[in-house]
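Coordinate analysis (summary)
Chain by chain, the residues:
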Amino acid sequence: MKLDDNTTGHDNPRLIHINDPKKTCDHSQFSGNEIRTSKYTLLNFLPKNLFIQFHRVAYLYFLAIAALNQLPPLAVFGRTVSLFPLLFVLTVTAVKDGYEDWRRHRSDRNENNREALVLQSDGFHPKRWKMIQAGEVLKISSDETIPCDMVLLGTSDPSGIAYIQTMNLDGESNLKTRYARQETNKLFLEGTMISGIITCEQPNRNIYEFMANMELNGHFLPLSQSNIILRGCQLKNTEWAVGVVVYAGQDTKAMLNSAMSPSKRSRLETYMNRETFWLSVFLLIMCLVVGLGMGLWLNRHKSQLDTLPYYRKIYFQKGKDGKKYKYYGIPMETFFSFLSSIIVFQIMIPISLYITMELVRLGQSYFMIGDQHMYDSLSNSRFQCRSLNINEDLGQIRYILSDKTGTLTENKMEFKKASIWGKSYGDSKAGSREIDAGVEEAMGSGRKWKLKSEITPDPELIKLSYKDLHGEERIAAYDFFLTLAACNTVIPILTGSPSSISGSLLSDGQISIDYQGESPDEQALVAAASAYGYTLFERTSGHIVIDANGEKLRLDVLGLHEFDSVRKRMSVVIRFPNGSVKVLVKGADTSMFSILKKDLPCDDRMRHVTQVHLNDYSSEGLRTLVVASRDFNGELLAEWQQMYEDACTSLTDRVVKLRQAAALIECNLTLLGATAIEDKLQEGVPEAIESLRQAGIKVWVLTGDKQETAISVGLSCRLLTADMHQIIINGNSEHECRKLLCDAKAKYHVNYASSFDDITNLKRKTEHNFLEMTSQTKSSNMSQQITGEEDRPTFGPLALIIDGNSLVYILEKDLEYELFNLATLCKVVLCCRVAPLQKAGIVDMIKSRTDDLTLAIGDGANDVSMIQMADVGVGICGQEGRQAVMASDFAMGQFRFLKRLLLVHGHWNYQRLGYLILYNFYRNAVFVLMLFWYILCTAFSTTSALTDWSSVFYSVIYTSVPTVVVGILDKDLSHKTLLKYPKLYAAGHRQESYNMSLFWITMLDTLWQSLVLFYVPLFTYRESTIDIWSMGSLWTIAVVILVNVHLAMDIQRWVFVAHAAIWGSIVVTYGCMVVLDSIPVFPNYGTIYHLVKSPVYWISILLIMVIGLLPRFIFKVCRQIFWPSDIQIAREAEILRKRRPFFGSNADQDSS
């Protein structure tokens, strides 16, 4: 999914006249600030909601059925009665949609009626949000929410700085800085009225970019993302801020980004449509049989049609000829009989199944959300179900594609090691006392800054940083830590007495300092610089102040080139108090080594040593950055300043121009060193990955980290094991990638399967008897089957490691097929240095070449495309905001919860929904087939022995509640067993709960039960004079009891609610029949009172139960004894453990 984040309309920019909304809006029809998130109004609710609901083809089918029943020749049921099922489903859905939309209306009303201070002729006055217009000047106080997108003009801070929290926009809780231009901030502080014109881009979705300039007193001032505050953000740690509205209402970036993630359909629902097609075929065949039978019967008895009941042409009354019946002739009567039979058999296509599935999924989601085992106390976040359509897909996942940073790791960075001027620091083995002594010796007078996160410094590095050393090493250390402190966008938050902060920096008493930043990496580096004596404690739009070993150093920021995915580095241009200018740069090693100076041999030596250190750090799983700097001369500085200013004020191609300006200064750099940061694994990740792999799920990791770092983390989280053969694909061209893939093929004797079907068949074959085979045995067997040469040497499990550069050539060329075949034979795939779109490309590669279900899990904005592309998307509530959560189908606090989500809830949901669908097919088909046998015995007349209301209530009231209760609460195995034996999850891969074979077996059973239902009462009452309505009453109660006992036979876990639902539904059916039979105008008046007095009635019901369910009972017993499934074995082991605890060990062995 691609967002339209291009700054469209640069040729037609938006003009905002500051403090002149009339002039602003006169030139263009800008949107007002009133927002609307609701879908409906009172006028369009009914037509719009019905239009949306009738997108379901089944609803159109039942509408056509109801319409046919309104025609006099086809009125099988009462005209009102025939509309009841469809109206019931439509009404329930409409009420749900209406309630949800009413809540949206209420939220919109509350939001639009909030007030903000708007500048008018005599000062700031309150005004409702919905009345605010573009061009108006607003004043926001501390902790207030921003009502629209505003360009800052002034703040309470003399430097023009404002702190905002963007949690409502992207979920990030850390503070961010925004700046008012010094020119406008000064005017506001002086009380001068501002007038000018802002020229900005047209509204777009990109919340991380803003291009504009301001014309003020004849001068053009550049405006960027740092000068705008967006709707939904909150002002923090700033007394007040004043800004001019540039985007309002639906034009704000928050509203443009409020689109929902794409809807997904479950695999089970797709299969259900296949079976629904077969049911439609059965329905058509039955209707053709009835129609043709009617035609043949009429043709055989056409000479008797004047006198036969139902078909005589003249109605006789008191010996005289009455009015004529509407007889349309044999062809039309045959056609009408065909249509009438469609109406009679309509519930063969179960309309109630749709609403039943919605209710069951809602109940399942309730229990998933309430699962305390998936509650994360650290982030205080519960499990979230953001999509109710794909609960059952969680039980059939074959591939998990996971981000690394923040998903497998905590994304809480800690500075560990550094390489400075060719020497590595941080490897000290000294104890904590020795380290403390070394620190005190080097620091001497003690620290003045107290960091929120304590860091234990390396004593040797402290000495290098503090001691008055001379020479290149000392200068490199100075510039190194200066770069860490200055080259960032981190905000220092100070707490202490104002006098101690604004007055003497070295006054007694410590000052507490905390760093807020958009990147955890930057926060860790700035905190590390502070720990080593270089403390950043003040930042404005134009300068920063650093305490460098007790010296207050004020540095002017001439320009900042922020990190981007193309350059993969960040640079800042600073001017020292003595007038000298430096460029400080940090970035990924792949982008930094190419721009270092190479004048002297020592440069090559330094680069080589640093590269060795980087490899060592990466092998330990540490995240690395390279640090470099250079001095600036006058001519180059002037050229860069001109390019930088032109780029900043440009409305077209600003990003490209800024990149060109950065390239001018980011060259011939002096290498200072490298940093190494540790990102610890989340709790329970290794155990979760191991369990998922035992469950037959392949885990692929897609990360932007270096290959060495990713491999190290893969080993620590048990994704990679020592016995795995690593296939590494690092190609810089299509030819090289092809060669590497061919070499892997030759080395491991892999002949790619000729087709997708071959792979699928082999996969299913290897899954047979899953519990008896170890993972290693299956892997080697599969390799042997694919090669077709079992005499060749076999290898252990394979791991494919590929970098993003290779994926550029593979995913865009014809090598994708070869990569897929190789990757599917590997137990692990590790992709390094991948871009967000490449992540989505890998997911798409799997989806397009296999029927297996994919799950993508991530925590950052760079994972959104992958999450939306996968069949199931899971977002982690992590340190990188909530973009991933907002785009996901499910959200959780920790990766380890994925184990429980899939192995427990996924298994339960799939097993319940699979059975639910088959049971609904059976429940409706047995009722329809019973009516079919009756029609065959009544001259194909489409008459019914059942009352209209009984036919309608059958699937809506009589049998609906037990289905929902079992679908929500039934459990075949306990959560402890499912977690203890992850291989039980493979039942979902083998589609044990729902497949075509089960469907046909169910239909055969249905056919038998319907014959028993129809013919047993005919046999028991063969000598009686029972009327047809009494027989219909018997059939009604018999079919309800039969389907409920059928359901009771399959329940795995009996609870009170299940008992109440099943036996209660039978009681409710009797109650309804008593009510219906007590109404004198109905033809079945009083039948139930006569029937229950007869022993034959009860004997008939008992015979129907025994004869109808006996084949099913025998089949279940034989299957469980002679061909038990893995689930059945584990279930028996569970029962044995409960009854005989001392058999526990044997049971465990059986169930494994």
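The shown structure was predicted, so the numbers you read here are calculated from the model rather than taken from an experiment. (Residues numbered from 1 in each chain as written. Predicted model: local features only at pLDDT ≥ 70, side-chain atom pairs only at ≥ 80, totals over all residues. Heavy atoms only, no water.)

1. Focus on the overall build of the protein
Scanning the protein from N- to C-terminus turns up 41 helices and 36 strands. Looking at the protein as a whole, 54% of its 1152 residues qualify as buried. Partitioning the intrachain contacts of the protein with sequence separation of at least 6 by distance along the chain shows that 74% fall at a separation of at least 24. Total accessible area on the protein stands at roughly 50200 Å², and carbon and sulfur atoms take up 56% of it. (Helix = DSSP H or I, 4+ residues; strand = E, 2+ residues; numbered from the N terminus. Buried < 20%, exposed > 50% of the residue type's maximum accessible area, 1.4 Å probe, protein only. Contact = heavy atoms within 4.5 Å. Areas by Shrake-Rupley, 256 points an atom, 1.4 Å probe, with all protein chains shown as cover.)

2. Section: the sheet that holds strand β11 (residues 228–229)
Here we have six strands laid out as an open sheet, ordered β3-β2-β4-β13-β5-β11, and antiparallel in their pairing. The sheet is open, and its two edges are formed by β3 (123–128) and β11, each paired on a single side. Seen against the sheet, helix α6 (residues 182–189) touches β4 (137–141), β5 (149–155) and β13 (240–247) and runs at an angle of roughly 60° to β5. (Pairing = 2+ DSSP bridges. Axes fitted to C-alpha atoms, helices over the stretch in contact; angles between N-to-C directions.)

3. Examining the sheet that holds strand β1 (residues 14–17)
Strands sit in the order β1-β8-β9-β10 across an open sheet of four strands; the sheet is antiparallel. Two strands in the sheet have a free side with no partner beyond their single neighbour: β1 and β10 (219–223). Mean inter-strand twist for the sheet, computed between neighbouring axes without regard to direction, equals 20°. Examined bridge by bridge, strand β9 (residues 212–216) and β10 share five bridges and lie antiparallel to one another. Its bridge partner lying in β10, L216 is registered against H219.

4. A closer look at the nonpolar core
Counting 99 residues, the largest nonpolar core has F345, F921, Y994 and Y1097 as the members making the most contacts within it. Those residues in contact with Y1097 that sit more than four places away from it in its chain are Y1021, L1034, I1037, Y1070, I1088, L1091 and V1092. Counting residues in each nonpolar core, the second largest holds 48 residues, with A486, Y532, L536 and V545 among its members. (Core = buried A, V, L, I, M, F, W, Y, C linked by side-chain atoms within 4.5 Å.)

5. Comments concerning the side chain of N213
Secondary-structure assignment places N213 in strand β9. Once you skip the residues sitting within four places of it in the chain, N213 turns out to touch I197, I198, T199, F220, L221, P222, L223, T649 and L651.

6. Thoughts on the pairing of strand β18 (residues 409–420)
For a regular strand, side chains alternate in direction, first toward one face of the sheet and then toward the other. Alignment of β18 against strand β29 (residues 670–681), held across eight bridges, turns out to be antiparallel. Counterpart to M413 in the pairing with β29 is D679. Across three bridges, the pairing between β18 and strand β19 (residues 423–425) is antiparallel. Bridge pairing in β19 places S419 opposite S424.

7. As for the pairing of strand β32 (residues 798–803)
In terms of burial, β32 is largely enclosed, as six of its six residues are buried. Here β32 shows a buried face lined by L798, L800 and I802 and a second buried face lined by A799, I801 and D803. With five bridges connecting them, β32 and strand β33 (residues 828–832) associate as parallel partners. Counted as the bridge partner of I801 is L830 from β33.

8. Let's talk about the environment of R265
In this structure, R265 sits in the loop between α7 (253–256) and α8 (267–300). Counting along the chain gives 606 residues from R265 to D871, while the straight-line C-alpha distance between them is 8.4 Å. Every residue in contact with R265, bar those within four places of it in the chain, is listed here: N273, I390 and D393.

9. Digging into the packing of aromatic side chains
Taken as a whole and assessed by the stated rule, the structure comprises 32 aromatic pairs. With a centroid separation of 5.8 Å and an interplanar angle of 45°, the aromatic rings of Y919 and Y922 are classed as tilted. One end of the pair, Y919, and the other, Y922, are both in helix α30 (residues 897–936), three residues apart, so they sit about a helical turn from each other. Among the residues examined, Y919 registers a relative accessible area of 2% and is labelled buried. Summarising the aromatic geometry, the rings of F1014 and Y1015 are spaced 4.8 Å apart at their centres and angled 85° between planes, so their arrangement reads as edge-to-face. What links up through ring pairs into an aromatic cluster is the set F277, W278, F282, F921, F999 and W1000. Looking at K139, its charged tip hangs above the ring of W240, at a distance of 5.3 Å from the centre. (Phe/Tyr/Trp six-rings, centres within 6.5 Å; stacked < 30°, edge-to-face > 60°. Lys NZ or Arg CZ within 6 Å of the ring centre and 35° of its normal.)

10. Things to note about the pattern of salt bridges
Going through the model one piece at a time under the given rule, you end up with 37 salt bridges. Between R569 and E666 there is a salt bridge; the shortest N-O distance is 2.8 Å. Pair noted here: R569 is in strand β26 (residues 569–575) and E666 is in the loop between α19 (654–665) and β29, with a separation of 97 residues, a long-range link. Across this residue pair, the class does not change: R569 and E666 are buried. Here R738 and E734 are joined by a salt bridge, their closest N and O atoms 3.3 Å apart. Here E734 and R738 lie together in helix α22 (residues 734–747), a separation of four residues that amounts to about one turn. (Salt bridge = Lys/Arg side-chain N within 4 Å of Asp/Glu carboxyl O.)

11. With respect to helix α39 (residues 1095–1122)
Under the 1.5 Å per step criterion, the end-to-end length of α39 is 40 Å for 28 residues, consistent within 8% with the ideal 40 Å. The largest bend along α39 measures about 40° and falls at L1110, with the proline P1111 one to four residues further on. Every buried residue belonging to α39 is among Y1097, S1100, I1101, I1104, M1105, G1108, L1109 and R1112, and all of these are buried. Structurally, α39 contributes buried residues whose contacts are with α35 (996–1020), α36 (1028–1050), α37 (1056–1076) and α38 (1087–1091). With a side-chain oxygen lying 3.3 Å from the backbone nitrogen of V1096, the N-terminal cap of α39 falls on S1094. (Expected span 1.5 Å × (residues − 1). Bend = angle between axes of the 7 residues up to and from the residue. Polar contact = N/O pair within 3.5 Å; in protein donor to acceptor, adjacent residues only side chain to side chain.)

12. Observations concerning a nonpolar patch on the surface
Where nonpolar side chains cluster on the molecular surface, the patch consists of L1110, F1113, I1114, V1117, I1121, F1122 and W1123 and spans about 760 Å² of accessible area. With respect to the secondary-structure elements, L1110 resides in helix α39. (Patch = residues over 30% accessible without salt bridge, like charges linked within 9 Å, V, L, I, M, F, W, Y side chains within 5 Å.)

13. Some details on the packing of α8 against helix α10 (residues 352–369)
Relative to each other, α8 and α10 sit at 165°, their axes nearing to 13 Å. Taken together, α8 and α10 sit at an angle that is classed as roughly antiparallel. Crossing hand, α8 versus α10: right-handed. Between α8 and α10, the residues in contact are E269, M272 and N273 and L353, Y354, M357 and R361, respectively. Taken together, the residues of the contact of α8 with α10 break down into four nonpolar, one polar and two charged. (Parallel < 35°, antiparallel > 145°, perpendicular 65-115°, else oblique. Left-handed = near helix turned anticlockwise from the far one by under 90°. Nonpolar A, V, L, I, M, F, W, Y, C, P; charged D, E, K, R; others polar.)

14. Concerning the confidence of the model for the protein
Scored by pLDDT, the protein comes out at a mean of 82, with 85% of its residues at no less than 70. At the level of individual helices and strands, the protein shows its lowest average pLDDT in helix α24 (residues 775–787), which scores 37, and its highest in strand β27 (residues 581–587), which scores 95. Within the model, the stretch residues 752–760 combines pLDDT values under 50 with 17 contacts to residues more than four positions away or in other chains. In this model residues 762–793 is a low-confidence stretch, pLDDT under 50, and it forms 46 contacts with partners more than four residues away in sequence or in other chains. (pLDDT = per-residue confidence, 0-100.)

15. Overview of the packing of α35 against α39
Helices that pack against each other are described as a pair by the angle of their axes relative to one another and the distance between those axes. Put simply, α35 and α39 touch, their axes get as near as 9 Å, and they point 155° apart. Considering the angle they form, α35 stands roughly antiparallel to α39. Every pair of crossing elements has a handedness; the one defined by α35 and α39 is right-handed. Taking contact as the criterion, the partners of L998, I1001, D1005, W1008, Q1009, V1012, L1013, V1016, P1017 and T1020 in α35 are, on α39, V1096, S1100, L1103, I1104, I1107, G1108, L1109, P1111, R1112, F1115 and R1119. Residues of the contact of α35 with α39, tallied by class, amount to 14 nonpolar, four polar and three charged.

16. Some remarks on the environment of P331
Among the structural elements, P331 can be located in helix α9 (residues 330–344). Judged by relative accessible area, P331 falls into the exposed class, the value being 65%.

17. Regarding the side chain of D376
Along the chain, D376 falls in the loop between α10 and β16 (384–385). Of the buried charged residues, D376 lacks a salt bridge, with R896 as the closest side chain of opposite charge at 5.0 Å. Residues contacting D376, with those up to four places away along its chain left out, are S381, G893, Q894 and F897. (Lys, Arg positive; Asp, Glu negative; His and termini not counted.)

18. Thoughts on unusual backbone geometry
Even without being a glycine, K568 presents a positive backbone phi close to 60°. Positioned with a positive phi, Q991 is a non-glycine residue whose angle comes to about 55°.

19. So, the environment of I351
Of note, I351 is situated in the loop between α9 and α10. For I351, a relative accessible area of 6% puts it in the buried group. Along the backbone, I351 and S955 are 604 residues apart, and their C-alpha atoms lie at a distance of 8.9 Å.

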